[in-house]
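# Coordinate analysis (summary)
Chain by chain, the residues run as shown.
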Amino acid sequence: MTGLIAFREIVLKVHSRCDLACDHCYVYEHADQSWRARPKVISPEVVSRTASRLADHARDHDLPSVTVILHGGEPLLAGPARLRLVCEEFTRALAGTAALDLRIHTNGLQLNTRYLDLFAEFGVRVGVSLDGDRAANDRHRRFADGRTSHPLVLKAVELLRSRPYRHLYQGLLCTVDVENDPVAVLDALVELAPPRVDFLLPHATWDTPPARPDGTRDSYARWLLAVFDHWERLGRPVPVRLFSSLLSTLAGGPSLTESLGLAPTDLVVVETDGALEQVDSLKSAYDGAAATGFNVFDHAFDRVAAHPGVRARQLGLAGVSAECRRCPAVRSCGGGLYTHRHRSGSGFDNPSVYCADLRELVDGVESRTAVPTPSPAALDAAQQDLTRTLLARLHADLAGREDWDRAWARVVAVEAAGEAGAAALDTVLAHPYTRSWVLAALEALREGEGRRHRARGPAGPAGPERPPWPQRADPPEAARRLAALAAAAVLRGGLDGPAEVPYRDGEVYLPTLGLLRLGEPGTEGRAALGVTDDGFLVRDGRSEHRFGPSAGDSRWEPVRSWLPGPDGPAVALDDLDPYRTCFARPPRLRLGAGEAEEWIRRLDAATALLHRSVPDPARAALAGLTTLTPLAGGPRAGGWGEAGRHGPGALGLPYAAGVRDTALALLTGRRRARLRSLTEVADLYALDGAWSHPSPWRRRPVPVSRLLADVHERVAVEAYRRATTGGEPGEAEEIRRALDRLAGAAELTAAGRRLVEEMRWELKAVEA
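Read on for an overview of the structure. What you see is a predicted model, and the numbers here were worked out from it, not measured in a lab.

Here we come to the overall build of the protein. Each helix and strand in the protein was counted, giving 25 helices and 20 strands. Projected onto its principal axes, the C-alpha coordinates of the protein cover approximately 100 × 65 × 50 Å. A buried classification covers 54% of the 768 residues belonging to the protein. When contacts within the protein are restricted to residue pairs at least 6 apart in sequence, long-range pairs at least 24 apart make up 69% of them. Here the protein displays about 32,700 Å² of accessible surface, and carbon together with sulfur accounts for 51% of that area. On the protein, the mean spot of the 96 positive side-chain charges and the mean spot of the 100 negative ones are 2 Å from each other.

Here it is, written out as structure tokens:
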């Protein structure tokens with residue numbers, strides 16, 4: 001069968017009875033009473049057949065690992081001998097096929113050293129159910145005669161925490177009761193130092209709703225938020241899976257629990273008689289809700305994986321109700337646990353019976369953990385770290401090549417050469433097109449490896465000895481660029497000792513400095529560069545040549561610069577770097593002296609216009625601008641600038657644009673670059689493309705990333721146009737509607753929503 005999601009986890013019911021009489025137990029106290037007809041203890045035949053089925057399933061789906069959770073009832077009632085048989089059978093069946101993760105979940109009453117020695121032998125990790133302090137635990141978790149179970153559970157946990165068995169301690173599971181004291185519950189659990197705590201909402205449906213003693217719709221959210229606040233005050237002393245999942249999804253990451261989020265289920269239940277069932281909690285919905293009609297003797301796991309009930313819990317966003325799909329919290333809450341959506345007549349096509357709680361819980365955690373959008377300085381620092389991380393990745397791929405290792409050693413030496421060397425290297429690494437080069441080199445490696453693999457084919461090592469790299473950014477070119485980068489840092493830092501650089505086609509580009517011609521076109525070689533009192537020195541074989549950092553030598557073309565204001569730092573006008581070809585349109589070739597002067601005059605006039613008309617956006621646009629590259633052609637519709645695949649600080653501007661279009665291009669291009677930088681170091685959205693949103697500026701609905709980018713630009717454009725031409729009628733209202741749409745978009749993370757609120761305040765300032 002195709003399109004199946006393989007089971008990576010099975011719950012194995014090894015005993016169908018329990019030694020407690022918990023009144024909130026879904027197995028014995030809810031709608032499905034099938035336990036009454038099950039064998040008490042799992043038979044050796046069911047164990048063996050299940051292990052064999054799981055091994056086949058893991059082999060068929062090439063699973064690297066599988067998890068088997070021993071469950072009940074109370075699994076320890078099966079006894080040590082039967083549990084040993086289970087461990088032995090599954091270990092034998094999975095050997096050489098997939099790693100086996102064995103776990104057991106118990107109430108702890110029977111736990112002793114005999115069991116723990118067995119679990120230590122097979123690496124079985126132990127989770128224990130405990131609802132908190134004694135008052136909380138005794139509310140539901142009692143013996144049939146009413147006696148407390150709390151002291152016995154504490155004794156079991158203490159044994160589990162002791163030195164021989166501590167590594168088996170998996171965590172504690174606590175079922176929420178809003179009549180318990182949330183602070184006392186958390187304190188009691190934390191005192192036992194669990195590796196993890198799970199809080200579970202009591203199983204309920206719309207037909208049998210949860211108890212709400214105070215009559216409010218959000219009592220469970222308020223209880224859990226009280227726990228969250230106390231957990232924060234304590235410094236998050238133990239991981240809490242519910243909270244970790246919310247923090248993950250709010251930041252754009254995955255869900256970490258089945259009860260929240262949109263991740264597909266990959267779990268199947270095996271009952272003591274070998275029946276294959278869906279997730280156990282469905283027993284709360286109605287009698288037979290978990291049944292599939294399959295068993296381990298007659299059916300492979302793939303048959304269960306194809307069952308409509310299982311597939312329904314694997315549909316992600318498409319599997320939740322229409323009301324949930326419209327809710328901005330759905331990516332975090334996932335519509336709630338599947339069981340909790342059930343209502344007679346409409347089945348599971350409903351929001352969770354805990355809908356109000358889940359929405360308030362998501363919003364409450366988000367508001368409590370909100371952090372501001374990174375400042376420009378923090379953003380630049382994060383971007384610098386990103387470039388260094390990418391360069392380290394490239395080094396990991398190319399280390400061992402003589403030319404690369406030689407260049408890398410020089411880079412390391414520059415960074416170790418005191419403050420001057422480290423600062424010079426930082427400057428060269430911060431050059432926006434250093435990022436462009438690293439990305440191109442990494443892509444060339446991936447593409448080359450792919451071509452080599454395809455050339456080799458399945459039969460063996462036929463094909464070219466070296467991969468057919470793209471023309472540029474192949475490993476030799478990567479080594480040349482790295483050597484040039486190190487040489488540029490040596491010259492910028494005024495460091496002692498020559499820096500050797502290879503050149504090709506008679507020239508070498510020194511990032512941030514300029515282009516040095518060392519021979520005729522088509523020639524290759526190596527040259528040594530050094531620092532003199534009045535400039536630079538180059539030795540190529542027997543010849544020696546001095547040149548200055550500024551123009552005046554036909555063999556040296558420096559990177560020009562522009563001062564956008566009397567107090568601001570100089571901006572490089574880079575029309576030389578080979579990796580400036582990272583924009584949507586091609587760059588201009590090297591500008592002539594007259595062309596460069598004319599462009600600088602237009603840039604001066606454009607920045608003066610921005611400062612007069614929109615001073616705050618103008619300062620924001622020029623802040624962090626380090627590099628401008630002239631692009632071919634005139635302005636496109638709207639006259640907007642271009643941000644490409646480069647590090648922060650670069651902007652491509654159409655060379656032929658007039659003053660007004662250049663001003664608008666500076667403004668919008670920097671806005672695009674800022675948003676790109678943000679998305680590279682922070683998750684502003686997740687599941688991009690899962691929803692489509694109407695945009696006032698597009699003919700068709702767009703994904704959230706496009707709408708966010710449109711609004712981010714349009715706020716600045718509206719400010720500029722209002723100041724220069726009076727603006728366009730109705731534009732502010734369209735921006736406001738788009739912001740409202742974004743505010744309700746489920747794809748946005750907490751960081752994305754903060755950005756939307758910042759833009760809303762920007763628009764208010766524009767209108768004021």
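In this section: the nonpolar core. Formed by 101 residues in total, the largest nonpolar core has its most connected members in Leu12, Leu83, Phe90, Leu94, Phe119 and Phe199. When residues in this core are grouped by element, the largest group, eight residues, is from helix α8 (residues 219-233). With sequence-adjacent residues up to four places away left out, leucine 94 is seen in contact with Ala51, Leu54, Ala55, Ala58, Val66 and Leu100. Grouped together as the second largest cluster of nonpolar side chains are 52 residues, Leu398, Trp437, Ala488 and Val490 included.

Next up on the list: the sheet that holds strand β17 (residues 560-562). Here we have four strands laid out as an open sheet, ordered β17-β18-β19-β20, and mixed in their pairing. Each end of this open sheet is capped by a strand with a single partner; those strands are β17 and β20 (650-654). Adjacent strand axes in the sheet meet at a mean angle of 35° when their direction is disregarded. Taken together, the three bridges between β17 and strand β18 (residues 571-573) define a ladder with antiparallel strand orientation.

Here we take up helix α16 (residues 402-415). Between its first and last C-alpha, α16 extends 20 Å over 14 residues, near the 20 Å set by a 1.5 Å rise per residue. Within the sequence span of α16, burial applies to Trp404, Ala407, Trp408, Val411 and Val414. Take α16 and look down its axis: the buried residues cluster within an arc of 115°, on one side only.

Once that is clear, we can look at the environment of histidine 431. Within the element layout of this structure, histidine 431 appears in the loop between α17 (418-430) and α18 (432-456). Other than its neighbours up to four places away in sequence, histidine 431 contacts Arg481, Tyr509, Pro511, Thr512, Asp574, Asp577 and Thr627. A distance of 3.5 Å separates a polar atom in the side chain of histidine 431 from a polar atom in the side chain of aspartate 574.

Moving on, we get to the packing of α16 against α17. Where α16 meets α17, the axes come as close as 7 Å, and the angle between the chain directions of the two elements is 125°. Our classification of the angle between α16 and α17 gives oblique. Between α16, through Val411, Val414 and Glu415, and α17, the contact on the second element is made entirely by Gly418, Gly421, Ala422 and Leu425. Each residue belonging to the contact of α16 with α17 can be placed in one class, and the counts come to four nonpolar, two polar and one charged.

Let us now look at the pattern of salt bridges. With the rule as written, the count across this model stands at 59 salt bridges. Ionic pairing is found between glutamate 415 and arginine 388, a salt bridge with its closest N-O pair at 3.2 Å. On the criterion of sequence distance, the pair formed by glutamate 415 in helix α16 and arginine 388 in helix α15 (residues 376-398) is long-range, its members being 27 residues apart. By relative accessible area, arginine 388 is classed as partly exposed at 26%. Close ionic contact of glutamate 507 with arginine 517 constitutes a salt bridge, the shortest N to O distance being 3.8 Å. A residue pair is termed long-range when its members are at least 10 positions apart, and glutamate 507 in strand β11 (residues 507-510) and arginine 517 in strand β12 (residues 514-517) qualify at ten residues. Residue class for arginine 517 comes out partly exposed when judged on its relative accessible area of 31%.

Here we take up the packing of aromatic side chains. Evaluated as defined, the whole model comprises 14 aromatic pairs. Plain terms: the ring middles of phenylalanine 228 and tryptophan 231 are 5.6 Å apart, the flat faces sit at 55° to each other, and that makes the pair tilted. Of the two residues, phenylalanine 228 and tryptophan 231 both sit in helix α8, three residues apart, roughly one turn of that helix. According to the relative accessible area criterion, tryptophan 231 is buried, its value standing at 3%. Through successive ring pairs, a cluster of aromatic residues spans Phe199, Trp223, Phe228, Trp231 and Phe243. The aromatic ring of tyrosine 655 is capped on one face by arginine 602, whose charged end is 4.8 Å from the ring centroid.

This part takes up the layout of surface pockets. Roughly 910 Å³ of volume is contained in the second largest pocket. Along the walls of the second largest pocket sit 41 residues, with Ala620, Ala621, Ala623, Arg670 and Arg674 positioned nearest its centre. Among the elements of the structure, α15, α17, α18, α21 (615-622), α22 (659-681), α23 (704-724) and α25 (750-767) are those that each provide at least two residues to the lining of the second largest pocket. In terms of residues, the lining of the second largest pocket owes the most to one element, α22, which gives seven residues. A breakdown of the residues in the lining of the second largest pocket according to their chemical character gives 20 nonpolar, twelve polar and nine charged.

Okay, the environment of threonine 50 next. Within the secondary structure, threonine 50 is located in helix α2 (residues 44-60). Under the relative-accessibility criterion, threonine 50 is labelled buried at 0%. Considered as a pair, threonine 50 and leucine 510 are 460 residues apart in the sequence and their alpha carbons are 65 Å apart. The residues touching threonine 50, leaving out its near neighbours within four places in the chain, are Ile10, Leu12, Phe90, Val270, Val296 and Phe301.

Here we come to the pairing of strand β5 (residues 169-175). Counting buried positions along β5 gives seven out of seven residues, so the element sits mostly inside the fold. Pairing between strand β4 (residues 125-129) and β5: four bridges, direction parallel. Bridge pairing in β5 places valine 128 opposite leucine 172. Taken together, the four bridges between β5 and strand β6 (residues 197-200) define a ladder with parallel strand orientation. Across the sheet, residue leucine 173 finds its bridge partner in β6, namely aspartate 198. Since β5 and β6 lie parallel, the crossover through helix α7 (residues 182-191) that links them has a hand, and here it is right-handed.

Taken in spatial order, the nine strands of this open sheet run β6-β5-β4-β3-β2-β1-β7-β8-β9, and their pairing is mixed. This sheet does not close on itself; its edge strands, each paired only once, are β6 and β9 (291-295). Along the sheet, successive strands turn relative to each other by an average axial angle of 25°, direction set aside. As paired strands, strand β1 (residues 9-13) and strand β7 (residues 267-270) are joined by four bridges and run parallel to one another. By the bridge assignment, glutamate 9 is partnered in β7 with leucine 267. Contacting β1, β2 (65-71) and β3 (99-106), helix α3 (residues 79-94) runs over the sheet at an angle of about 160° to β3.

Where α8 meets helix α9 (residues 241-250), the closest approach of the two axes is 11 Å, and the angle between their N-to-C directions is 85°. What the angle tells us is that α8 and α9 run roughly perpendicular. Taken together, the residues of α9 that come into contact with α8 (itself represented by Leu224, Val227, Phe228 and Trp231) are Leu242, Phe243 and Leu247. Broken down by class, the residue content of the contact of α8 with α9 amounts to seven nonpolar, no polar and no charged.

With that settled, consider empty space enclosed by the protein. Any empty space left between atoms is shown by rolling a water-sized probe over those atoms. Summed over all chains, the structure comprises three cavities of 30 Å³ or more. In this structure, the largest cavity encloses a volume near 80 Å³. As for the largest cavity, its lining consists of 13 residues, and the residues nearest its centre are Lys13, Val27, Trp35, Glu271 and Lys283. Here the lining of the largest cavity is built from residues that sort into three nonpolar, five polar and five charged.

Here is what the cut-offs are and how they apply
Residues numbered from 1 in each chain as written. Predicted model: local features only at pLDDT ≥ 70, side-chain atom pairs only at ≥ 80, totals over all residues. Heavy atoms only, no water. Helix = DSSP H or I, 4+ residues; strand = E, 2+ residues; numbered from the N terminus. Buried < 20%, exposed > 50% of the residue type's maximum accessible area, 1.4 Å probe, protein only. Contact = heavy atoms within 4.5 Å. Areas by Shrake-Rupley, 256 points an atom, 1.4 Å probe, with all protein chains shown as cover. Lys, Arg positive; Asp, Glu negative; His and termini not counted. Charge placed at Lys NZ, Arg CZ, Asp CG, Glu CD. Core = buried A, V, L, I, M, F, W, Y, C linked by side-chain atoms within 4.5 Å. Pairing = 2+ DSSP bridges. Axes fitted to C-alpha atoms, helices over the stretch in contact; angles between N-to-C directions. Expected span 1.5 Å × (residues − 1). Arc of directions from axis to C-beta. Polar contact = N/O pair within 3.5 Å; in protein donor to acceptor, adjacent residues only side chain to side chain. Parallel < 35°, antiparallel > 145°, perpendicular 65-115°, else oblique. Nonpolar A, V, L, I, M, F, W, Y, C, P; charged D, E, K, R; others polar. Salt bridge = Lys/Arg side-chain N within 4 Å of Asp/Glu carboxyl O. Phe/Tyr/Trp six-rings, centres within 6.5 Å; stacked < 30°, edge-to-face > 60°. Lys NZ or Arg CZ within 6 Å of the ring centre and 35° of its normal. 1 Å grid on protein atoms, 1.4 Å probe; cavity = no way out; pocket = protein on both sides within 12 Å on 5 of 7 lines; lining within 4 Å. Points joined across faces, edges and corners; volume = space filled by probe spheres on them. Right-handed = clockwise from strand over helix to strand, strands pointing away.

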